[in-house]
Amino acid sequence: QKCIKDGFIIKKPANSVSRFRWRHSQAAKRKGRHTGFGKRKGTAEARMPSKELWVRRIRVLRRLLKKFREQKKLDKYSYHDMYLKCKGNVFKNKRTLLEHIH
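About the thresholds
- Residues numbered from 1 in each chain as written.
- Predicted model: local features only at pLDDT ≥ 70, side-chain atom pairs only at ≥ 80, totals over all residues.
- Heavy atoms only, no water.
- Salt bridge = Lys/Arg side-chain N within 4 Å of Asp/Glu carboxyl O.
- Helix = DSSP H or I, 4+ residues; strand = E, 2+ residues; numbered from the N terminus.
- Buried < 20%, exposed > 50% of the residue type's maximum accessible area, 1.4 Å probe, protein only.
- Phe/Tyr/Trp six-rings, centres within 6.5 Å; stacked < 30°, edge-to-face > 60°.
- Lys NZ or Arg CZ within 6 Å of the ring centre and 35° of its normal.
- Core = buried A, V, L, I, M, F, W, Y, C linked by side-chain atoms within 4.5 Å.
- Contact = heavy atoms within 4.5 Å.
- Expected span 1.5 Å × (residues − 1).
- Arc of directions from axis to C-beta.
- Patch = residues over 30% accessible without salt bridge, like charges linked within 9 Å, V, L, I, M, F, W, Y side chains within 5 Å.
- Areas by Shrake-Rupley, 256 points an atom, 1.4 Å probe, with all protein chains shown as cover.
- Lys, Arg positive; Asp, Glu negative; His and termini not counted.
- Charge placed at Lys NZ, Arg CZ, Asp CG, Glu CD.

Caption draft 1: Looking closely at the pattern of salt bridges. Applying the stated criterion across every chain yields a total of four salt bridges. Put simply, Lys2 and Asp6 hold a salt bridge, and the shortest N to O gap is 3.2 Å. Of this pair, Lys2 and Asp6 both sit in helix H1 (residues 2-6), four residues apart, which is roughly one turn of that helix. A salt bridge links Asp81 to Lys85; the nearest nitrogen and oxygen atoms lie 3.7 Å apart. One end of the pair, Asp81, and the other, Lys85, are both in helix H5 (residues 76-87), four residues apart, so they sit about a helical turn from each other. A residue is classified by how much of its surface remains accessible, and Asp81, at 39% relative accessible area, is partly exposed. Its relative accessible area of 27% is what places Lys85 among the partly exposed residues.

Caption draft 2: Inspection of the packing of aromatic side chains at higher detail. Counting across every chain of the model gives one aromatic pair. When the centroid spacing of 5.9 Å and the interplanar angle of 45 degrees are considered together, the rings of Tyr79 and Tyr83 count as tilted. One end of the pair, Tyr79, and the other, Tyr83, are both in helix H5, four residues apart, so they sit about a helical turn from each other. One Lys or Arg, Arg19, reaches over the ring of Trp22 and ends 4.3 Å from the middle of that ring. The lysine or arginine in question, Arg69, covers the ring of Tyr79, its NZ or CZ lying 4.1 Å from the ring centre.

Caption draft 3: Fine view of the nonpolar core. Grouped together as the largest cluster of nonpolar side chains are 11 residues: Ile58, Leu61, Leu64, Leu65, Phe68, Leu74, Tyr79, Met82, Cys86, Phe91 and Leu97. Among the elements of the structure, helix H4 (50-70) and H5 are those that each provide at least two residues to this core. No other element matches the five residues that H4 contributes to this core. The residues touching Leu61, leaving out its near neighbours within four places in the chain, are Cys86, Phe91, Asn93, Lys94 and Leu97.

Caption draft 4: Structural context of H5. End to end, H5 covers 16 Å across 12 residues, agreeing with the expected 16 Å (1.5 Å per residue, within 8%). Every buried residue belonging to H5 is among Tyr79, Met82 and Cys86, and all of these are buried. Each buried residue of H5 lies within a common arc of 70 degrees when the element is viewed along its axis, so the set occupies one face. Residues Tyr77 and Lys87 are exposed on H5 and point more than 90 degrees away from its buried face. Taken together, the buried residues of H5 touch H4 and helix H6 (94-101). Of the residues trailing H5, Asn89 is marked for its positive phi of about 70 degrees.

Caption draft 5: Looking closely at a positive patch on the surface. The grouping of Arg59, Arg63, Lys66, Lys67, Arg69, Lys73 and Lys94 at the surface amounts to a positive patch. Of the residues forming the positive patch, the biggest block, five residues, is contributed by H4. With respect to the helices and strands, the residue Lys67 is situated in helix H4. Judged by relative accessible area, Lys67 falls into the partly exposed class, the value being 42%.

Spelled out as structure tokens, the structure:
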């Protein structure tokens, strides 16, 4: 106890794990490095589920349809028709839907 008080024995600071290497590798990954077939463990579906892509797309399209209906650019009949077409995978993105409307 006396040695501790006199400062002969001191507590070393806790060793933290540096994030330098992680940041460095993430910066490279953002440039597209280290993402070839050899680095992939999961299937394409596991890495980016097609359902997630579908949900993302359908929400964008439905939001656009709703906006146009509220702005009175679409009547309820054409809105319903387009809504079902969106559900039926007719429009692959927002641009094709806009082209169809105009």
